[in-house]
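Observations on the three-dimensional arrangement
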Amino acid sequence: METHTFACFIPHLVKNNKNIPFSLEDETLIHRLKNVLRLESGESILVFNRDFQATFEIREFLKKSIQGTLSACFPHEQKAGRKVTVFLPLLKKEHLQDALYGLCEIGVQVIQLVHVQKAHVKIWSAKDQEKAEKIIISAAEQSKNFTYPHALS
């Protein structure tokens, strides 16, 4: 029986072509891998950033880090001739979150938020931008669609 492979977004990955030691030091990620997913030494996860993905094999859990080996680095697979752009009106909070999540799951490359006259939401702040990016990254982790949208404004 095939086991599920978890995927995690790591913005500071360095592309390599061989096995290199790597340390994860993000407290939230450590908690998630150790206590929520209950991963153990010897197990692997997929890690990715905007440009490429790799396999991270866990060697040991320390108090403030996870030590392991980063290997099998390769760029994200781009679908030839397929670039989908969606113009999305600013919706109320929950509806916008659902729309962003769904659009990322299906592989949309560009999401352009549009202010429309009848929208209830009039202002798009830096805090809203940050939240939207977290939602998109979460959707990419869940769906393993690592070519998540590049533009969101």
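Residues numbered from 1 in each chain as written. Predicted model: local features only at pLDDT ≥ 70, side-chain atom pairs only at ≥ 80, totals over all residues. Heavy atoms only, no water.

1. What about the packing of helix H2 (residues 93-106) against helix H3 (residues 126-143)?
Running from amino to carboxyl end, H2 crosses H3 at an angle of 40°, the nearest separation of the two axes being 8 Å. Here H2 lies oblique to H3, going by the angle between them. Handedness of the H2/H3 crossing: right-handed. Of H3, the residues touching H2 (which contributes Gln97, Leu100, Tyr101, Cys104 and Glu105) are Lys131, Ala132, Ile135, Ile136, Ser138, Ala139, Ala140, Gln142 and Ser143. Partitioned by chemical class, the residues of the contact of H2 with H3 number eight nonpolar, four polar and two charged. (Axes fitted to C-alpha atoms, helices over the stretch in contact; angles between N-to-C directions. Helix = DSSP H or I, 4+ residues; strand = E, 2+ residues; numbered from the N terminus. Parallel < 35°, antiparallel > 145°, perpendicular 65-115°, else oblique. Left-handed = near helix turned anticlockwise from the far one by under 90°. Contact = heavy atoms within 4.5 Å. Nonpolar A, V, L, I, M, F, W, Y, C, P; charged D, E, K, R; others polar.)

2. Quick notes on the layout of surface pockets
Using a probe with the size of a water molecule, rolled over the atoms, empty space left in the structure can be pinpointed. In this structure, the largest pocket occupies an estimated 370 Å³ of space. Residue lining of the largest pocket: 13 residues in total, with Phe9, Pro11, Asp26, Ile137 and Glu141 positioned closest to the centre. The biggest single contributor to the lining of the largest pocket is H3, with five residues. Partitioning the lining of the largest pocket into residue classes produces five nonpolar, two polar and six charged. (1 Å grid on protein atoms, 1.4 Å probe; cavity = no way out; pocket = protein on both sides within 12 Å on 5 of 7 lines; lining within 4 Å. Points joined across faces, edges and corners; volume = space filled by probe spheres on them.)

3. Quick notes on the environment of Val114
Residue placement: Val114 occurs in strand S7 (residues 110-114). Separated by 25 residues in sequence, Val114 and Pro89 place their C-alpha atoms 4.6 Å apart. Once residues lying within four places of it in the same chain are set aside, the contact partners of Val114 are Phe87, Leu88, Pro89 and Leu90.

4. A short note on the packing of aromatic side chains
Two aromatic rings, taken as a pair, are described by how far apart their centres are and by the angle between their planes. Scanning all chains against the criterion turns up three aromatic pairs. Seen in terms of ring centroids, Phe22 and Phe56 are 6.0 Å apart; in terms of plane orientation they differ by 75°. Their pairing is edge-to-face. Taken together, the residues Phe22 in strand S2 (residues 20-24) and Phe56 in strand S4 (residues 52-61) connect sequence positions 34 residues apart. The class of Phe22 is buried, set by a relative accessible area of 12%. A relative accessible area of 0% places Phe56 in the buried class. Ring geometry for Phe48 versus Phe146: centroids 4.5 Å apart, planes at 35°, classification tilted. Here the residue Phe48 occupies a position in strand S3 (residues 44-48), and Phe146 occupies one in the loop between H3 and strand S8 (151-152), the gap between them amounting to 98 residues. Here Phe48 and Phe146 have matching classes, each one buried. (Phe/Tyr/Trp six-rings, centres within 6.5 Å; stacked < 30°, edge-to-face > 60°. Buried < 20%, exposed > 50% of the residue type's maximum accessible area, 1.4 Å probe, protein only.)

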